[in-house]
Amino acid sequence: KLGLLELPNQNYDRSEFIHKDSLITLAKVHGEDHWLNASALKNLADLYTFKKRYGDAEKIYLKVLNFRKEKIGMDNPITINTLYSLGLLYREKGDIKKAIEIILQSVELRAKVSGKNHPSTQRGVETLQQLFKMTGDIESIKILETKYTI
């Protein structure tokens, strides 16, 4: 996460360098399949999303998601967070349909694992409501409110 400290200074190249350097170090120290590598990769994907390098971010998010599904399962909160981040990426890219699909999946998993009152579940519901408003899908907003009202 050290590379994220460079973001407020808008030192994006330095941030990217730090992220990539940490990935090399982690791979040397822990091996390619260590969970810390997935965390460092996710941070790099977050940076690429911030930099609007959506294609690079998507590839990394998918790699991290697959790694985490395999190693810790789809019902793990960390995996669910990665899925949510992927949905946010699609929102940023303007692929609202795909964003809704992915974020809805993350909300359903989060509600199953942590409950519908969990802050992450509610944050996902709020994001979905915004997306449905963008598409004019008022019916889906009502369904969400019924299903996830605290």
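Because the structure is a prediction, the values reported are computed rather than measured.

Enquirer: Help me out: how do you make sense of the nonpolar core in this one?
Expert: What tends to happen in soluble globular proteins is that the nonpolar side chains get buried as a cluster. Formed by 35 residues in total, the largest nonpolar core has its most connected members in Ile60, Leu86 and Leu128. Of all the secondary structure elements, the ones that give two or more residues to this core are α2 (35-50), α3 (54-72), α4 (77-93), α5 (96-114), α6 (119-135) and α7 (138-148). Take this core: its biggest share by element is eight residues, from α5. In this structure Leu128 touches Ile100, Ile103, Leu104, Val107 and Leu144, once residues within four positions along its chain are discounted.

Enquirer: Sorry, what's going on with unusual backbone geometry here?
Expert: Glycine aside, residues mostly have negative phi, and peptide bonds are mostly found in the trans state. Here the phi dihedral of Lys52 falls at roughly 65 degrees; this positive angle occurs in a residue that is not glycine. Residue class for Lys52 comes out exposed when judged on its relative accessible area of 57%.

Enquirer: What is the right way to look at the pattern of salt bridges in this model?
Expert: Oppositely charged side chains can form a pair if their charged atoms are brought close together. Summed over the entire model, instances satisfying the criterion amount to seven salt bridges. Between Lys42 and Asp46 there is a salt bridge, with its nearest N and O atoms 3.0 Å apart. Here Lys42 and its partner Asp46 are both found in helix α2, four residues apart, which amounts to about one turn of the helix. Taking the relative accessible area as the measure of exposure, Lys42 reaches 14% and is therefore buried. Classification of Asp46 as partly exposed rests on a relative accessible area of 24%. In this structure, the salt-bridge partner of Glu101 is Lys98, at a minimum N-O distance of 4.0 Å. Pair noted here: Glu101 and Lys98 are both in helix α5, with a separation of three residues, about one helical turn. Look at Glu101 and you get partly exposed, because its relative accessible area is 44%. On the accessibility criterion, Lys98 (29% relative accessible area) is partly exposed.

Cut-offs used in this document
- Residues numbered from 1 in each chain as written.
- Predicted model: local features only at pLDDT ≥ 70, side-chain atom pairs only at ≥ 80, totals over all residues.
- Heavy atoms only, no water.
- Core = buried A, V, L, I, M, F, W, Y, C linked by side-chain atoms within 4.5 Å.
- Buried < 20%, exposed > 50% of the residue type's maximum accessible area, 1.4 Å probe, protein only.
- Helix = DSSP H or I, 4+ residues; strand = E, 2+ residues; numbered from the N terminus.
- Contact = heavy atoms within 4.5 Å.
- Salt bridge = Lys/Arg side-chain N within 4 Å of Asp/Glu carboxyl O.

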